[in-house]
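# Structure at a glance
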Amino acid sequence: MKLPIIGVRQIKLPVSDLAISARWYADLFDLELANEFFEDDAVRGVVLANHEAGFVIGLREREYCASSPVLDGFDVCAFMLRTAEEMSTVVDRCAELGIEHGDVHDRGDFGIAMDIADPDGTVLRFVAGPHTGPPGAFAGIEFGSGPPILYDQPRLRF
């Protein structure tokens, strides 16, 4: 039986400077402050919301997270765009705000992708195109020194 999940509601990220990161995320995604969490005489976390799209981004001061995680260079999530043409809107928004972004990469059958690092170096990926193959299909992707190599039999046994 599959779980009745209809989408992703929240991502929650550790940040080193809550005010700087809250402003950065609010500006890039046009989010509003929905909640804040006050403890030890200061605001230690916030929830920024896009009510129309139905998702929130939670930010918490790294030193108040369970393990003080550092995600520098790691792509924690991917935001899906409806069409490849919409990637230009993301690029334009970054230019408008002075936010650096990576190149738009052609991923072949998987569409296009572009990465943006937040103020802590945590990577947000924006993608347009299929996220996987059709239900029941499998594609392995091997990365090395050349272009990615596709394979059709799982290597991980679980």
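Keep in mind it's a predicted model, so treat the numbers as computed, not measured.

Now for the sheet that holds strand β6 (residues 105-106). Within the open sheet, the four strands sit side by side as β5-β8-β7-β6. Their pairing is mixed. Where the open sheet ends on each side, the last strands, each with one partner, are β5 (75-81) and β6. Looking at chain direction, β6 and strand β7 (residues 112-117) are connected through two bridges and run antiparallel. Across the sheet, the residue bridging to Asp106 is Ile112, located in β7. Against the sheet, helix α1 (residues 18-29) makes contact with β5, β7 and β8 (123-128), and its axis sits at roughly 10° relative to β8, the strand it touches most. Each of β5, β7 and β8 touches helix α2 (residues 87-97); the most contacted strand, β7, lies at about 20° to it.

The next point concerns the pattern of salt bridges. The tally for this structure, following the rule as stated, stands at nine salt bridges. One salt bridge connects Arg93 with Glu96, and the closest N-O pair in it is separated by 3.3 Å. Pair noted here: Arg93 and Glu96 are both in helix α2, with a separation of three residues, about one helical turn. Looking at Glu96, the relative accessible area reads 57%, which means it is exposed. For Glu142, the salt bridge identified is with Arg155, shortest N-O distance 3.2 Å. Residue Glu142 is located in strand β9 (residues 140-142), and its partner Arg155 is located in the segment after β10 (149-151); the two are separated by 13 residues in the primary sequence. On the basis of relative accessible area, Arg155 is assigned to the exposed category, the value being 52%. Residues joined by salt bridges that share partners form a network here, namely Asp75, Asp115 and Arg125.

Once that is clear, we can look at the sheet that holds strand β1 (residues 10-15). Taken in spatial order, the four strands make up an open sheet running β1-β4-β3-β2, and their pairing is mixed. Each end of this open sheet is capped by a strand with a single partner; those strands are β1 and β2 (32-39). The mean inter-strand angle of the sheet, taken between neighbouring strand axes irrespective of direction, is 20°. As paired strands, strand β3 (residues 42-50) and strand β4 (residues 55-61) are joined by six bridges and run antiparallel to one another.

This part is about the nonpolar core. Counting residues in each nonpolar core, the largest one holds 28 residues, and the members touching the most others are Phe29 and Leu59. Elements with a minimum of two residues in this core: β1, α1, β3, β4, β5, α2, β7 and β8. At six residues, α1 tops the list of elements feeding residues into this core.

In low-pLDDT regions, the fine details of the predicted coordinates are not to be read closely. With 97% of its residues at a pLDDT of 70 or more, the chain shows a mean pLDDT of 90. At the low end of the mean pLDDT range in the chain sits β9, at 83; at the high end sits α1, at 97.

Another point: the packing of aromatic side chains. Describing an aromatic ring pair means giving the distance of the ring centres and the angle of the ring planes. Tallied over the full model, the rule gives eight aromatic pairs. Ring geometry for Phe29 and Phe79: centres 4.8 Å apart, planes at 50°, overall tilted. Of this pair, Phe29 sits in helix α1 while Phe79 sits in strand β5, and the two are 50 residues apart along the sequence. Where Phe55 meets Phe79, the ring centres are 6.0 Å apart and the plane angle is 50°; that geometry is what we call tilted. A residue pair is termed long-range when its members are at least 10 positions apart, and Phe55 in strand β4 and Phe79 in strand β5 qualify at 24 residues. In this structure, Phe55 and Phe79 share a single accessibility class: buried. Grouping aromatic residues by their ring pairs yields a cluster made of Trp24, Tyr25, Phe29, Phe55, Phe79 and Phe126. Directly above the aromatic system of Tyr151 lies the positively charged group of Arg155, at a separation of 3.6 Å from the ring centroid.

Each value, and the rule that gives it
- Residues numbered from 1 in each chain as written.
- Predicted model: local features only at pLDDT ≥ 70, side-chain atom pairs only at ≥ 80, totals over all residues.
- Heavy atoms only, no water.
- Pairing = 2+ DSSP bridges.
- Helix = DSSP H or I, 4+ residues; strand = E, 2+ residues; numbered from the N terminus.
- Contact = heavy atoms within 4.5 Å.
- Axes fitted to C-alpha atoms, helices over the stretch in contact; angles between N-to-C directions.
- Salt bridge = Lys/Arg side-chain N within 4 Å of Asp/Glu carboxyl O.
- Buried < 20%, exposed > 50% of the residue type's maximum accessible area, 1.4 Å probe, protein only.
- Core = buried A, V, L, I, M, F, W, Y, C linked by side-chain atoms within 4.5 Å.
- pLDDT = per-residue confidence, 0-100.
- Phe/Tyr/Trp six-rings, centres within 6.5 Å; stacked < 30°, edge-to-face > 60°.
- Lys NZ or Arg CZ within 6 Å of the ring centre and 35° of its normal.

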